[in-house]
Amino acid sequence: MEGLISYSGISTKIRAMERWRISDRQFEELAALESVAEAVQYLRRFPPYGEIFAGLEDSELHRGNIEQRLNLSQYRDFAKLYKFANMKQRRFLDLYFMHYEIAIIKTCLRNAAGHREQRQDLSLFKDFFERHASIDLIRLSESGGIGEFISNLKGSPYYGPLASLWEQGTASMPACESALDMLYFKAIWRVKDKYLSKKDEKVIVQCFGTRMDMLNIQWICRSKKYYRLTPGDIIAMIIPISLHLTRKEIHDMAGAESVDQVLELVRRSWYGRLEEVVNPEEADSENLDQVTREIIDRIYLKTSRKDPYSIASLNSYLYFKERETQRIVTVLEKIRYGVSSHI
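Below or above, wherever it landed, is the structure these notes cover. Since the structure is predicted, the reported quantities are computational estimates derived from the model, not experimental observations.

Okay, the layout of surface pockets next. It is the rolling of a water-molecule-sized probe over the atoms that shows where space remains empty. In this structure, the second largest pocket occupies an estimated 290 Å³ of space. Along the wall of the second largest pocket there are 14 residues; nearest its centre are Pro 161, Leu 165, Ala 179, Met 182 and Ala 236. Looking at the lining of the second largest pocket, the elements that each hand over two or more residues are α10 (159-168), α11 (173-195) and α13 (231-237).

Below, the structure is given as structure tokens:
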């Protein structure tokens, strides 16, 4: 009853916003279009995207501009829900916001690490981040290298972990991105029982615990395939929290000789026995990302259906909004390059 009273208002708001979610059938229609301009015109039928693409000329429909505007749609939805949320729900949203901050920080990090002369224009997000963020977005986007980038994070919670890597001479792109992910999930895990009810905490454990397991599996596989790291280096860079993977299973994966051996260990784990999600038997080094995304999707969908009057409604809406924008980017890029798109 308490959950119904506390979440009835914001759940109603979320259901109203979900009316404009793009269905699988509509994604198929989108993928069948012949040009990016036609696809953007199709997206303008949906109010959340009609607003962000308003006034955008065909000559401006390059990937960077489109991605920025899709990100802006996510931030606008977040802001709408934040305005509608009560104090307890805002505590969760304040913590969730770190996810958006870290995504932007990673984009700026990649630009700085690549010494790109043409920086990404983040002015679209300036007002939103000034209200919610702990970083100077514009200054960060103008960083000329990793050292300057880390220095520009001073005063934020992200500075300490990255500055430590810089001092140790280990501030590589993978190490910095891993440190940011670790900071975020540790923060979520540390405060979940402080601010959330037992019911809400259970939802967060299921969703974020699964995401941490999947991120660790992905990172172990990528380290085997691309970076040739030692087992000790792999263990040092993964998130030291797991839900359904035991410590022994993680150490065995880190010590495996190949990606195929890692995936065989995944099949023997709790995830290999989980019948209600995608069968991990389907996972290989080529489609691992797709399989892990589908596993996470199912968990988020399951929690929101089981407990609609809980933090699950907020948590799932924000997650699936992000998944929708990622899917739009993928479809538009396939249209741009004339690649057959299977949705």
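The next subject is empty space enclosed by the protein. One pass over the full model with this rule turns up 3 cavities of 30 Å³ or more. The computed volume of the largest cavity comes to approximately 60 Å³. Sort the elements by how many residues they give to the lining of the largest cavity and α11 lands first, with 4 residues.

At Arg 228, a position not held by glycine, the phi torsion is positive, near 55°. Considering the arrangement of structural elements, one finds Arg 228 in the loop between α12 (198-227) and α13. Under the relative-accessibility criterion, Arg 228 is labelled exposed at 68%.

Counting 87 residues, the largest nonpolar core has Phe 149, Leu 162 and Phe 208 as its most contacted members. Ranked by residue count, the leading element in this core is helix α6 (residues 87-113), at 13 residues.

Bringing the pattern of salt bridges into the picture now. Two side chains with opposite charge may pair up if their charged atoms get near one another. Summed over all chains, the structure comprises 17 salt bridges. Linking Lys 321 and Asp 77 is a salt bridge whose minimum nitrogen-to-oxygen distance equals 3.4 Å. A residue pair is termed long-range when its members are at least 10 positions apart, and Lys 321 in helix α17 (residues 311-336) and Asp 77 in helix α5 (residues 63-84) qualify at 244 residues. On the accessibility criterion, Lys 321 (6% relative accessible area) is buried. The shortest N-O distance in the salt bridge between Asp 289 and Arg 222 comes to 3.0 Å.

Rules and cut-offs
- Residues numbered from 1 in each chain as written.
- Predicted model: local features only at pLDDT ≥ 70, side-chain atom pairs only at ≥ 80, totals over all residues.
- Heavy atoms only, no water.
- 1 Å grid on protein atoms, 1.4 Å probe; cavity = no way out; pocket = protein on both sides within 12 Å on 5 of 7 lines; lining within 4 Å.
- Points joined across faces, edges and corners; volume = space filled by probe spheres on them.
- Helix = DSSP H or I, 4+ residues; strand = E, 2+ residues; numbered from the N terminus.
- Buried < 20%, exposed > 50% of the residue type's maximum accessible area, 1.4 Å probe, protein only.
- Core = buried A, V, L, I, M, F, W, Y, C linked by side-chain atoms within 4.5 Å.
- Salt bridge = Lys/Arg side-chain N within 4 Å of Asp/Glu carboxyl O.

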